[in-house]
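Listed below are the residues making up each chain.
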Amino acid sequence: QVQLVESGGGLVQAGGSLRLSCAASGIMFGIFTMGWYRQAPGKQRELVAAISSSDRTNYADSVKGRFTISRDNAKNTVYLQMNSLKPEDTAVYYCNAQLRSVDYWGQGTQVTVSS
């Protein structure tokens, strides 16, 4: 059974930092592209950052220079370090594991940035 379990969300003031974690089980973690998506109320889910099995990364323009995605294959975990948070970063953040046409999602973790 595949599980992606996010943690680390919460309430933070603008300018603050949070680190999200996503622990995966039931998959060969190292061969999956791992990603973080977010969905704000009334908006579509959007890609925040992704990291491939070869550690290539890509970021949404809105978070470049502020967020960093990383992975620890020994721990089957992907991280999202979020710095200089802004109120517009408020959303539910979802972990994603993707391999070709296979797609798995976590349950999401709420991030709220107060102004």
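Worth saying up front: this structure is predicted, and the values here are computed from it rather than measured.

Regular strands show a simple pattern: their side chains alternate between the two faces of the sheet. When strand E4 (residues 33-39) meets strand E9 (residues 91-99), the two strands line up antiparallel, connected through seven bridges. Bridge assignment links Arg38 to a residue of E9, and that residue is Tyr93. Here E9 runs beside strand E11 (residues 109-114); their pairing, made up of three bridges, is antiparallel. Bridge assignment links Tyr93 to a residue of E11, and that residue is Thr109. Here E9 pairs with strand E10 (residues 102-105) via four bridges, running antiparallel.

Our next topic: the pattern of salt bridges. Under the criterion given, the structure shown has four salt bridges. A salt bridge links Arg38 to Glu46, with the shortest nitrogen-to-oxygen separation between them at 2.7 Å. For Arg38, a relative accessible area of 7% gives the class buried. Given a relative accessible area of 35%, Glu46 falls into the partly exposed group. Here Arg66 makes a salt bridge to Asp89, at a shortest N to O gap of 2.8 Å. Here Arg66 is found in the loop between strand E6 (57-59) and strand E7 (67-72), whereas its partner Asp89 is found in the loop between strand E8 (77-82) and E9, with 23 residues between them in sequence. Taken individually, Arg66 and Asp89 each receive the classification buried, so the pair is uniform in this respect. Linked by salt bridges that have partners in common, Arg38, Glu46, Arg66 and Asp89 make up one network.

What counts, and where the lines are drawn
Residues numbered from 1 in each chain as written. Predicted model: local features only at pLDDT ≥ 70, side-chain atom pairs only at ≥ 80, totals over all residues. Heavy atoms only, no water. Pairing = 2+ DSSP bridges. Helix = DSSP H or I, 4+ residues; strand = E, 2+ residues; numbered from the N terminus. Salt bridge = Lys/Arg side-chain N within 4 Å of Asp/Glu carboxyl O. Buried < 20%, exposed > 50% of the residue type's maximum accessible area, 1.4 Å probe, protein only.

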